[in-house]
Amino acid sequence: MAQISDPKIAFAYLRPACVLLTREPTVSNVETLSAQLKDVDDATLQQLQEYVLFPLRFVLKVPGPKKDKLVQAVAEAMSHVLENTCVQSWETLHDLLSELCLCLCSPTDPGKPAETSEELKSSVLRCLDALLHAAYGDIIFKLFDPIMLPGLGAAISLLLTLGEKEKSRHIQAAALKCLQALTLQCDCTQEHVTPSSEEQCAIGSTMASFLPGITMAVARIITGDLRQGHAVTVRAIKVWSRTVGLVMEDAQLQSSEPWKTPSPDLGRIGQLVVHRTQDWVKSTSGKLSALLKKIITCTSAHRHWRVRLEMVELADLLLARCSLSLGECVGPLLEALVGAVNDEEPRVRERCEVALRQVSHRNQSSSDITGKNSSSSHTFTDVLSENLHSLATSLPRVMRTSDDQKKLFVLNVFLGYLKILGPLVSVVLNSAAHLERISKALMQVLELDVMDVRIVEERSYGAIIETSSGSHDSYSAHVQRKHFLYFTDEKIFSVLTEICWTLGYYGNIYLLTDHFLDLYRQSSAYRKQAAMVLNEIVRGAAGIAVATEGQDLGGDGRGLNATQEDLKAAVASIMEEYTSLNNWHLITVSVETDRDRQDQQLLSPSRLLSISSNADANSLHVIPSTSASSSTSTIHQLNSNIWQLCIQLEGVAYFAEALGRDFRPLLMTSLYPVLEKAGEETLLVSQAALGSMWDISKACGYPSLKELINENSDYLLNDISLNLQRLSQHPQAPRVLTVMLTHSDCSLLPLVGDIVQDVLTALDLSYNHTAALFCSVLHALVKALARWFPASCSNTTKSARHKQTSADQEVLNISQFLLDYRKQKELAEGIGIEEDDTEDLEVPPPTECEDVEDIGGPDTKAELPSHLSITKDVMERCIHLLSDPSLRLRLKVLDVLELCVRVLSERENELLPMAHRCWPALLQRLTADDPLAVLRAFRVLCTLGETCGDFLRNRVSKEVLPKLSSSLARQAPISAKAGPVYTHTLAYKLQLAVLQGLGSLCQRLELVLVMLFLSLRETSTPPDWVLLNSPWTWSSNLSLCFLTST
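I will try to describe carefully the structure that is included in this document. (Residues numbered from 1 in each chain as written. Predicted model: local features only at pLDDT ≥ 70, side-chain atom pairs only at ≥ 80, totals over all residues. Heavy atoms only, no water.)

Turning our attention to the packing of helix H15 (residues 305-321) against helix H16 (residues 330-339). Two elements in contact, H15 and H16, have axes whose closest approach is 9 Å; the angle formed by their N-to-C orientations is 140 degrees. Classified by the angle between their axes, H15 and H16 sit oblique to one another. Relative to H16, H15 is oriented so that their crossing is left-handed. Across from Val312, Leu314, Ala315, Leu318 and Leu319 in H15, the residues of H16 making contact are Val330, Leu333, Leu334 and Leu337. Class assignment for the residues of the contact of H15 with H16 results in nine nonpolar, no polar and no charged. (Axes fitted to C-alpha atoms, helices over the stretch in contact; angles between N-to-C directions. Helix = DSSP H or I, 4+ residues; strand = E, 2+ residues; numbered from the N terminus. Parallel < 35°, antiparallel > 145°, perpendicular 65-115°, else oblique. Left-handed = near helix turned anticlockwise from the far one by under 90°. Contact = heavy atoms within 4.5 Å. Nonpolar A, V, L, I, M, F, W, Y, C, P; charged D, E, K, R; others polar.)

In structure tokens form, the structure reads like this:
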């Protein structure tokens, strides 16, 4: 339906409803008029504005209480009229403002809001907002005449009360929006009246009377309950900033006319008028500074980004308009702005960068205008550097006393100052006071908590794994998280790391390196923190992970860009300090541990044997060793040493990342120390070293650790060889060899042959001092050999034979057993022995794996491959070490022996004599040793049975089985009556291992378990798992029972 555009027709159309509403003020009549108003176009409604507003205003003026629905309907109808027309009469504006405010006031107490419905309040506030926007021309400025101070104050007080006390978020935001419109500071999309400079000054003078009340009430809203929502907080910040910007504007205060005495006609109202003198400005600035600090504290780290964005707008507005009048607020405002430079929200960061650039340009322009003669003028750089110095001074106190949210904000501010200064950071750091204060602040903030006893307790027994199963991600996943003394939030550490990056990116790399190295040397209390800072500074200088994004004053975002030669020089000096004797060879385990005791034995005696490849084998060369401290280190000191090594190893990886392939020349001095720590017993150190090795290989262009070690094996092995000759000064050399063997391939074997012989010679000359240390090397060596040269056809043939034997035994029946038994009995009586001897004289055909051409060759023994020769030499030493008093050493030797057997299994002619030689010592471990050693020795026996076959049949049946069966017989009654706790005992594990392995062992040796089953049959209630773990079938058991009865 088309709207009515003729005023006469519209008047005739609206007149009956207006008359009826005047006579009968009901909700239905108001709704009827409201519906008809929507049928009239805006131009016609403008001409009839006074007429249609009269009945609506009349309803509000009727004495007595009115229903909320009626007032709400009237407010909605008036809102429609005011939103589509302009108020051109001051009287209409004044009266409507008063009437609408009365609708919100309590009848009994006009200073407080009425207890009405939220819908009514929302409708009236909407109408009030439409009225203030509908004011046309200059009439709105009459609201700010001195005579209007009481009425304006009442309206402001009412809106502030609604904004602060109301429970509805919508009403709170609407009241604050009305307050913005009332002070002509509205930021909505509608057109607004733009005041002239004189009118702006008049408004500012009038609003100065309400500035204390507005700023205090709105500050309470901003810092109030977070449950009020971000929309209310954002609106409140807008009211606060625009009101302060209006009253404290520099342009108004500088161009204000001389003070005029208020007119006597004002009476007591004249006492409300405020004169903005210099004293008043100074006093107000101090009070606003206190409120501003509260607001910044509550909003700078607000969880909603719109609140943080509005704080940036507040700081930008006040710094642009009121930087002179709000002198005490410039510091907090700049701090708030700088703190948002690193905001997680991109929109906040971008707006902050623009604001800071504008602030910088304004300050530079103002300093150029004022000239050099003005002593009060400070450049923006001076302000930033002073603030940076004061912040660095207070940073340790803030980190000790504040919560994590406050700490994060302060550190973001610190980082923001550095990013804004940009290349000027190097100028600021040239000041000794600034550099000292910043460095000491970082030293105190980054202090580690080293009281966790688990760091010392964790050992790296299984940390070193084969290269084939290891990866960079597997090591990175086990990186220990650093625990700091003064904070726990990872975000705080991230900001501190970025601060160090920024210092390195913009600062002088030589100055920073020298200064923090001095701190590193100065005190052990600063050593770990200084190393962390140095590591990150080098990364920052290389431009790694530095996000500048044009945040510096110049806007180009470029630092000094240290050259590659500068980085090399800095890295070389730091590496030299890190790997020095006092800083690299630190005690990380208690002297009570066996492995550390070996190092102490190497360091503490006054005379030690050395290895010399040029010396006579029969001569002993002694070297006076340096004495080591025998005092037991505290947990605190051990943890501190562990973390220091981890940080330094982390630094080596960072340096490689910074230099890339240019780090390769430095591998000659850095790779060997890293490999030393990869063989450490302390888990944290070994993991850090392995992670560092992966990072180095990646940075230097090596695909894996194998290539890293192989490509650099020449000087690594040279260092090992030299250090083995001075073992008292370099007890870690065997561990380096262990790590190399673990992570390399068979191409390394020709290079390590001489060193292996040196190790074996050293072992021969000094069992007491070096056995445990070198045994780990031998274990890694034989383990590597087993991995590089897996057993081939011999084992396959034997495995097939074992499978055939198992298949034959599955079909074993009683009749076949009796036939075999009869044959064996006849042979024992001498019957049929001639036939058996003739059979034995037949030459068996050669096996597939034997070289047929060698049968007719000369009777010369072929030279063994190097890996088999080394294995024989190692096995020879194991035979002697099996009787060592140390249980730990015996267990390690048994592991080595098992690996040796597997490596030699491809040459039976070499394996069987060695098995014969080691049998007496192994038998002692099986029959008269600690249960742990028995368990490990039985595993070796099973391996021998698998590889040697029936060579050990008589020895096992006569010397091992009787003692094992008697041991099982003694243990059977105990296990039969034992409860569930028994399964956790060492006796159970030994008993179970023997029963699990004995069946397969006897199958390979073709033995019948007569004695064993006789012993077990005598027990009244054998445990169920005994039968479950036996590999014999029911027919075998039946045969054995028949044999025992004969």
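Let us look at the side chain of Lys482. By the secondary structure assignment, Lys482 is in the loop between helix H23 (472-476) and helix H24 (490-506). Among the residues examined, Lys482 registers a relative accessible area of 13% and is labelled buried. Among the polar contacts made by the side chain of Lys482, one reaches the side chain of Glu650 at a distance of 3.1 Å. Not counting residues within four places of it along the chain, the set of residues in contact with Lys482 comprises Leu448, Phe493, Met532, Trp643, Ile647 and Glu650. (Buried < 20%, exposed > 50% of the residue type's maximum accessible area, 1.4 Å probe, protein only. Polar contact = N/O pair within 3.5 Å; in protein donor to acceptor, adjacent residues only side chain to side chain.)

This brings us to the packing of aromatic side chains. In this structure the tally under the stated criterion is eight aromatic pairs. Residues Tyr578 and Phe655 carry aromatic rings whose centres are separated by 6.0 Å and whose planes lie at 25 degrees to one another, so their mutual orientation is stacked. With Tyr578 in helix H27 (residues 564-578) and Phe655 in helix H30 (residues 635-659), this residue pair connects regions lying 77 residues apart in the sequence. Given the relative accessible area of 0%, Phe655 is considered buried. Members of the aromatic cluster, joined through ring pairs, are Phe484, Phe487 and Phe493. The positively charged end of Arg347 is found above the aromatic ring belonging to Trp305, 4.0 Å away from the centroid. Positioned over the ring face of Tyr702 is Arg664, at 4.2 Å from the centre of the ring. (Phe/Tyr/Trp six-rings, centres within 6.5 Å; stacked < 30°, edge-to-face > 60°. Lys NZ or Arg CZ within 6 Å of the ring centre and 35° of its normal.)

Over its twelve residues, helix H31 (residues 667-678) runs 15 Å from end to end, which matches the ideal 16 Å to within 8%, given 1.5 Å per residue. The buried fraction of H31 amounts to ten of the twelve residues, a majority that puts the element mostly inside the structure. For H31, the set of buried residues is Leu667, Ser670, Leu671, Tyr672, Pro673, Val674, Leu675, Glu676, Lys677 and Ala678. (Expected span 1.5 Å × (residues − 1).)

Along the chain, the position of Leu272 falls in the loop between helix H13 (250-255) and helix H14 (278-299). Residue Leu272 is classed as partly exposed on the basis of its relative accessible area, which comes to 42%. Sequence separation between Leu272 and Ile147 is 125 residues, and the spatial gap between their C-alpha atoms is 9.9 Å.

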